[in-house]
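An overview of the molecular structure
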Amino acid sequence: MNDHITHDDPGSADDALLEEELRQAAAILDAVPAGLLQLAVEAYALHDLDARIAELTFDSLVDAIPVRGAVDVPRMLTFQAGGLTVDVEVTKDGLMGQVLPPQPAGIEVLNGPRQTAALTADELGRFTGQAPTSGPFALRLSTGGETVVTEWLRA
């Protein structure tokens, strides 16, 4: 009968002790900044269980062919969720977009855990507003009882 614990046993007491010591060392030496932790908690609280996620299907930074000599080119984004499409142009001056099929919509520009702007799309689905100056952003659209949230992107 073998009474000693080997290091090869994944469930050994030595492994559990080592793991706990490493967790404590990481918490001290590489702690998550309090502000970042708070942002993560608040961003998770924004998670809307009833909302559909609009998938990014086009991003001009990735999908478009660059034009030589063009400076300060607007970023073009297209999101889709089911039959709903949202086209957005992001410039240094702001956002301009359209909901398709054309319809009125309430739009929230989310920047971190807080809403930065409440916009309204007109009967043709058009909307304009200020773009977030820094950090990630997403759009939350409310159209006729349905809520759609875009993927998070950097401006």
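The next point concerns the pairing of strand 2 (residues 75-81). In terms of residue burial, strand 2 counts as a mostly covered element, since 5 of its 7 residues are buried. Judged from the 4 bridges that link them, strand 1 (residues 52-59) and strand 2 form a sheet pairing that is antiparallel. Bridged to L56 within strand 2 is F79. Sheet analysis places strand 2 next to strand 3 (residues 84-91), joined by 7 bridges and oriented antiparallel. Its bridge partner lying in strand 3, Q80 is registered against T85.

Moving on to a nonpolar patch on the surface. Where nonpolar side chains cluster on the molecular surface, the patch consists of V32, L36 and L37 and spans about 290 Å² of accessible area. Structurally, V32 can be placed in the loop between helix 1 (13-29) and helix 2 (34-45). Taking the relative accessible area as the measure of exposure, V32 reaches 52% and is therefore exposed.

The topology assignment puts D87 in strand 3. Residue classification places D87 among the partly exposed residues on the basis of a relative accessible area of 28%. Expressed as a C-alpha distance, the spacing of D87 and G97, which sit 10 residues apart in the sequence, is 5.3 Å. In this structure D87 touches L77, T78, M96, G97, Q98, L100 and F127, once residues within four positions along its chain are discounted.

The topology assignment puts T143 in strand 8 (residues 136-143). You can call T143 buried: its relative accessible area is 5%. What T143 contacts, discounting residues up to four positions off in sequence, is Q103, P104 and A105.

Considering the arrangement of structural elements, one finds R75 in strand 2. The sequence separation of R75 and D59 amounts to 16 residues, and the corresponding C-alpha distance is 7.2 Å. A distance of 2.5 Å separates polar atoms of two side chains, one belonging to R75 and the other to D59.

Turning our attention to unusual backbone geometry. With the exception of glycine, the majority of residues adopt a negative phi angle, and the majority of peptide bonds are in the trans configuration. The amide bond that connects L100 to the next residue, P101, takes the cis arrangement and shows omega of 0 degrees. Relative to the assigned elements, P101 resides in the loop between strand 4 (94-100) and strand 5 (105-111).

The pLDDT averaged across the chain works out to 80; a share of 77% of its residues lies at or above 70. Looking across the chain, the model is least confident in helix 2, with a mean pLDDT of 66, and most confident in strand 7 (residues 126-129), with 94.

Rules used in this analysis
Per chain, the residues get numbers from 1 upward, laid out in the order the sequence is written. Predicted model: local features are reported for residues with pLDDT of at least 70 only, side-chain atom pairs are reported and counted for 80 or more only, and whole-chain, interface and lining totals are derived from all residues. As a convention, hydrogens and water are excluded, and side-chain values are obtained from all of the structure's heavy atoms. Whether a residue is buried, partly exposed or exposed follows from its accessible area with a 1.4 Å probe, protein chains only, as a fraction of its type maximum: under 20%, in between, or over 50%, in that order. Numbering of helices and strands runs from the N terminus, with a helix taken as a DSSP run of H or I at least four residues long and a strand as a DSSP run of E at least two residues long. When DSSP finds two or more bridges between a pair of strands, those strands are recorded as paired. The patches reported here contain residues having more than 30% relative accessible area and no salt bridge. Joining distances are 9 Å for like charges and 5 Å for nonpolar side chains (Val, Leu, Ile, Met, Phe, Trp, Tyr). Computed by Shrake-Rupley with a 1.4 Å probe, the accessible areas treat only the displayed protein chains as cover when residues are assessed. Think of a salt bridge as a Lys or Arg side-chain nitrogen and an Asp or Glu carboxyl oxygen that are within 4 Å of each other. Contacts were defined at the residue level, with two residues in contact if any of their heavy atoms lie within 4.5 Å. Here a polar contact is taken to be a pair of N or O atoms separated by no more than 3.5 Å, where protein atoms must pair a possible hydrogen donor with a possible acceptor and residues adjacent in sequence count only if both atoms sit in side chains. Scored from 0 to 100, pLDDT records how confident the predictor is in each individual residue.

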